[in-house]
Amino acid sequence: MGSAAKVLPLHWLPSRPVSGIIGSIHSERSIRSPVTIGFAHAELIAVLVAVTGDEPRVMTIRSGNALPSGPFEMGHRTLQSGLREWVQEQTEHPVGYLEQLYTFADRDRNNDIPGGRTISISYLGLVNEQSGAGRPGWHGWYEYFPWEDHRQGRPAVLDEIMARLRSWADADPARRDHRHRRADFTFGLDGGGWNEDLALQRYELLYEAGLVLEAGCGAEANLGHAMFADHRRILATGIARLRAKIKYRPVVFELMPESFTLLRLQRTIEALAGLTLHKQNFRRLIEQQDLVEETGGTESETGGRPAKLFRFRHTVLEERALAGTKLPLSRN
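The rules behind the values
- Residues numbered from 1 in each chain as written.
- Predicted model: local features only at pLDDT ≥ 70, side-chain atom pairs only at ≥ 80, totals over all residues.
- Heavy atoms only, no water.
- Phe/Tyr/Trp six-rings, centres within 6.5 Å; stacked < 30°, edge-to-face > 60°.
- Helix = DSSP H or I, 4+ residues; strand = E, 2+ residues; numbered from the N terminus.
- Buried < 20%, exposed > 50% of the residue type's maximum accessible area, 1.4 Å probe, protein only.
- Contact = heavy atoms within 4.5 Å.
- Salt bridge = Lys/Arg side-chain N within 4 Å of Asp/Glu carboxyl O.
- Axes fitted to C-alpha atoms, helices over the stretch in contact; angles between N-to-C directions.
- Parallel < 35°, antiparallel > 145°, perpendicular 65-115°, else oblique.
- Left-handed = near helix turned anticlockwise from the far one by under 90°.
- Nonpolar A, V, L, I, M, F, W, Y, C, P; charged D, E, K, R; others polar.
- Expected span 1.5 Å × (residues − 1).
- Polar contact = N/O pair within 3.5 Å; in protein donor to acceptor, adjacent residues only side chain to side chain.
- Core = buried A, V, L, I, M, F, W, Y, C linked by side-chain atoms within 4.5 Å.

**Here we look at the packing of aromatic side chains**
For the structure shown, the criterion picks out seven aromatic pairs. Taking 6.0 Å as the distance between ring centres and 85° as the angle between the ring planes, the aromatic pair formed by Phe-145 and Tyr-203 counts as edge-to-face. Of the two residues, Phe-145 sits in the loop between β8 (137-140) and α2 (157-170) while Tyr-203 sits in helix α4 (residues 199-208), which places them 58 residues apart along the sequence. Judged by relative accessible area, Phe-145 falls into the buried class, the value being 1%. For Tyr-203, a relative accessible area of 2% translates into the label buried. Ring centres 4.2 Å apart and planes at 15° place the aromatic pair Phe-253 and Phe-312 in the stacked group. Of the two residues, Phe-253 is situated in the loop between α5 (231-245) and α6 (262-273) and Phe-312 in strand β10 (residues 306-312); the sequence distance between them amounts to 59 residues. Look at Phe-253 and you get buried, because its relative accessible area is 9%. Judged by relative accessible area, which is 11%, Phe-312 ranks as buried. Ring pairing ties together the aromatic residues Phe-145, Trp-147, Tyr-203 and Tyr-207, which thus form one cluster.

**Things to note about helix α3 (residues 176-186)**
Burial in α3 covers these residues: Arg-179, His-180, Ala-183, Asp-184 and Thr-186. Each element contacted by the buried residues of α3 is listed here: α2 and α4. Phi for Gly-188, located one or two positions after α3, is positive at around 75°.

**Remarks on the pattern of salt bridges**
A pair can form between side chains of opposite charge whenever their charged atoms are brought close. Under the counting rule described, the total for this entry stands at 21 salt bridges. With its nearest N and O atoms 2.4 Å apart, the salt bridge here joins Asp-54 to Arg-264. Of this pair, Asp-54 sits in the loop between β3 (40-52) and β4 (55-60) while Arg-264 sits in helix α6, and the two are 210 residues apart along the sequence. Relative accessible area serves as the criterion here: at 25%, Asp-54 is assigned to the partly exposed category. Judged by its relative accessible area of 37%, Arg-264 is partly exposed. Here Asp-159 ties to Arg-154 by a salt bridge, and the two come within 3.4 Å at their closest N and O atoms. If you follow the salt bridges from partner to partner, you end up with Glu-55, Asp-149 and Arg-151 in one network.

**A short note on the environment of Leu-101**
Along the chain, Leu-101 falls in strand β6 (residues 98-104). With 54 residues separating them in the primary sequence, Leu-101 and Val-47 have C-alpha atoms 8.6 Å apart.

**Let's talk about the side chain of Arg-243**
Within the secondary structure, Arg-243 sits in helix α5. Filtering out sequence-adjacent residues up to four positions away, Arg-243 remains in contact with Tyr-142, Glu-148, Glu-196, Asp-197, Ala-199, Arg-202, Leu-272, Ala-273 and Gly-274.

**Let's talk about the packing of α2 against α4**
Between α2 and α4, the least distance of the axes is 11 Å, while the angle of their chain directions is 50°. Of the possible angle classes, the one that applies to α2 and α4 is oblique. The chirality of how α2 crosses α4 is left-handed. In this structure, α2 contributes Ile-161, Leu-165 and Trp-168 to the contact, and α4 contributes Leu-205, Leu-206 and Glu-208. Taken together, the residues that form the contact of α2 with α4 break down as five nonpolar, no polar and one charged.

**As for the packing of α4 against α5**
The geometry of α4 relative to α5 is characterised by a closest axis approach of 7 Å and an angle of 155° between their N-to-C directions. On the basis of the axis angle, α4 is roughly antiparallel to α5. Along its contact with α4, which presents Ala-199, Leu-200, Arg-202, Tyr-203 and Glu-204, the element α5 presents Arg-232, Arg-233, Ala-236, Thr-237, Ile-239, Ala-240 and Arg-243. By residue class, the composition of the contact of α4 with α5 is six nonpolar, one polar and five charged.

**What to know about α5**
The terminal C-alpha atoms of α5, which comprises 15 residues, lie 21 Å apart, in line with the 21 Å expected from a rise of 1.5 Å per residue. With 12 of its 15 residues buried, α5 lies for the most part within the structure. Within the span of α5, buried status applies to His-231, Arg-232, Ile-234, Leu-235, Ala-236, Thr-237, Gly-238, Ile-239, Ala-240, Leu-242, Arg-243 and Lys-245.

**Considerations on the side chain of Arg-313**
Looking at where Arg-313 falls in the secondary structure, it is placed in the loop between β10 and α8 (316-323). The exposure class of Arg-313 is buried, given its relative accessible area of 18%. At a separation of 2.6 Å, a polar atom in the side chain of Arg-313 contacts the main-chain carbonyl oxygen of Asp-290.

**Section: the nonpolar core**
Judged by nonpolar contacts, the single largest core of 62 residues is most densely connected at Trp-147, Ile-161, Leu-165 and Phe-187. Excluding residues that lie within four positions of it along the chain, Phe-187 makes contacts with Trp-147, Leu-158, Ile-161, Met-162, Leu-165, Trp-194, Arg-202, Leu-205 and Leu-206. Leu-44, Ala-50, Met-59 and Leu-79 belong to the second-largest nonpolar core, a separate cluster that totals 15 residues.

In structure tokens, the structure reads:
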């Protein structure tokens, strides 16, 4: 995208309900064996995201090595209702935005059950982080994808990544040019610039090149924090979906407290996108779209003068759905 400012639009449509399969997810801190449905084993897996201290965080188990998952049960009418109850039990806070993410059923997925095939139905949810004894741990998602955070400029790890991708491309003369073009496009070296929406494609390219532990490389060569089986791929899918979602639906407000400053709102969006936004343009566009309204209160920020507190205008949901308007968020 070069030197031109990228436009990030934002508006809301409600999440669609998911029904037709009865089940819920277990609340234990370990991954349990899935139940068998026919000749396949079905499980529910959750990508639960919070933003804490300007950092996007994901709920994990196994010391950060896996996403929470579990088998179907017969206790709930829908998958979504079971997952909502489980999230509230784990976080002591009801889940706000929730949507089905993707169904992972590749034949070569890592299965704990010999001779079986695991089908994982994943969900993306937005929650508030809660900690305490007996609760799953939370990890920053840039621990798993350090190349995705550009808020402080180009990550140094990208130099290593590109050097290793170049070597991988050159190792196959027949596909060398194609591989170079893919690497350049995916990591923003083709003249188009960095595209934050390609988080999944970047991870899959590193997997194909054998540069992540999940693909069989040695621990010393692994890039980022590895995860069990294909859980890092599932997390990358959730990151890509959420980054795209905040451009046209105001789901980010599900991660905000009831009242907040515009700076806090900007920092939350920047954390999710891994980018910095132009402060004046951001504030002007937020106010022009009437997504927020003043509460009448103030809060001191970074030792400066008190900043106005705002809240999300819930009436905007129906208005935006009817009008079809979008909110562009300009990047620096």
